[in-house]
Amino acid sequence: MIQVEIFSSVMDAEKSGVRLVLAHDITDKLKRIDAIEKQNKKLKEIAWLESHVVRAPLARIIGLVNMLDNELLNEDERSTLLHYIKESTQEMDEIVREVVQKAEALSLNNGYTYET
């Protein structure tokens, strides 16, 4: 089964009523359009992850580093802040790995490769 575009035109209608009809196979074109639409959907997911999900641990890290910069903290407080920074960086690492996996899955579908 294929999909086609049909073009028709009347040829010398006064004399013979002949109609020229052309059928153009657009099956591959429609498959490419569908693949691009799916790719765009995945790219939007990746962009959302990067712009929203990555932002939370990054904001925590920035705040914790600013707090750590305070010279009035005792050793226990510094240790606690470093622990929170470590947790946030691990969370960010997991999110980035998820983004990379999505990008790699996307690249497998269209022949592009992403370096990790």
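The residue numbering used here restarts from 1 in each chain and proceeds along that chain's sequence as written. Restriction of local features to residues with pLDDT of at least 70 applies here, the model being predicted, together with a cutoff of 80 or more for giving and counting side-chain atom pairs; totals for whole chains, interfaces and linings are based on all residues. The side-chain quantities take in all heavy atoms of the structure and omit both hydrogens and water.

## Topic: the overall build of the protein
For step 1, the next point in the chain: Across its full length, the protein holds three helices and two strands.
For step 2, the next point in the chain: Only DSSP runs of H or I reaching four residues or more are called helices, and only runs of E reaching two or more are called strands; each is numbered from the N terminus. Counting from the amino terminus, helix and strand elements in the protein follow one another as β-β-α-α-α.
For step 3, the next point in the chain: Roughly 9,500 Å² of accessible area belongs to the protein as shown, and the carbon and sulfur atoms make up 55% of that amount. Per-residue accessibility takes into account occlusion by the displayed protein chains alone, with areas from the Shrake-Rupley method and a 1.4 Å probe.

## Section: the side chain of Ser88
For step 1, the next point in the chain: Its place among the elements puts Ser88 in helix α3 (residues 75–110).
For step 2, the next point in the chain: Here, two residues are considered to be in contact whenever any of their heavy atoms come within 4.5 Å of each other. Not counting the four nearest positions on each side in its chain, Ser88 is found in contact with Pro57, Arg60, Ile61 and Leu64.

## A few points about the nonpolar core
For step 1, the next point in the chain: By size, the foremost hydrophobic cluster in this structure holds five residues: Ile46, Leu49, Val99, Ala103 and Leu106.
For step 2, the next point in the chain: Looking at this core, the elements with two or more residues in it are α1 (27–53) and α3.
For step 3, the next point in the chain: Residues in contact with Leu49, not counting those within four places in the same chain, are Val54, Glu98, Val99 and Lys102. We define the nonpolar core as a collection of buried residues of types Ala, Val, Leu, Ile, Met, Phe, Trp, Tyr and Cys that are connected through side-chain atoms lying within 4.5 Å of one another. Residue exposure (1.4 Å probe, protein chains only): buried if accessible area is under 20% of the type maximum, exposed if over 50%, otherwise partly exposed.

## Observations concerning the pattern of salt bridges
For step 1, the next point in the chain: We count a salt bridge whenever a side-chain nitrogen from Lys or Arg sits within 4 Å of a carboxyl oxygen from Asp or Glu. Overall, the coordinates contain four salt bridges when judged by the stated rule.
For step 2, the next point in the chain: Where Asp34 meets Lys38, a salt bridge forms, and the shortest distance between an N and an O atom there is 3.3 Å. Within this pair, Asp34 and its partner Lys38 are both found in helix α1, separated by four residues, close to a single helical turn.
For step 3, the next point in the chain: For Lys38, a relative accessible area of 53% puts it in the exposed group.
For step 4, the next point in the chain: Among the salt bridges present, the one from Lys102 reaches Glu45, with a minimum N-O distance of 3.4 Å. Of the two residues, Lys102 sits in helix α3 while Glu45 sits in helix α1, which places them 57 residues apart along the sequence.

## What to know about α1
Spacing of three or four residues puts side chains on the same side of an α-helix, whose turn is 3.6 residues.
For step 1, the next point in the chain: Here a helix's expected span is defined as the number of its residues, less one, multiplied by 1.5 Å. Taking 1.5 Å per residue, 27 residues should reach 39 Å; α1 reaches 38 Å between its end C-alpha atoms and fits that length.
For step 2, the next point in the chain: Residues of α1 that are buried include every one of Thr27, Ile46 and Leu49, and no others.

## What to know about the environment of Ala56
For step 1, the next point in the chain: Looking at where Ala56 falls in the secondary structure, it is placed in helix α2 (residues 55–68).
For step 2, the next point in the chain: Residues Ala56 and Met92, 36 residues apart in the sequence, show an inter-C-alpha distance of 8.6 Å.

## Points about the side chain of Thr27
For step 1, the next point in the chain: Note on placement: Thr27 falls in helix α1.
For step 2, the next point in the chain: Since its relative accessible area comes to 14%, Thr27 is described here as buried.
For step 3, the next point in the chain: Each polar contact in these results corresponds to two N or O atoms within 3.5 Å; when the atoms are within protein, one needs to be able to donate a hydrogen and the other to accept it, and residues that are neighboring in sequence are counted only if both atoms are side-chain atoms. In terms of polar contacts, Thr27 uses its side chain to reach the backbone amide nitrogen of Gln3, at 2.8 Å.

## A short note on the confidence of the model for the protein
For step 1, the next point in the chain: Looking at the protein, pLDDT values average 84 and 90% of them are 70 or higher.
For step 2, the next point in the chain: The element-level mean pLDDT for the protein is lowest in α3, coming to 86, with strand β2 (residues 18–25) highest at 90. The predictor reports its confidence for every residue as pLDDT, a score running from 0 up to 100.

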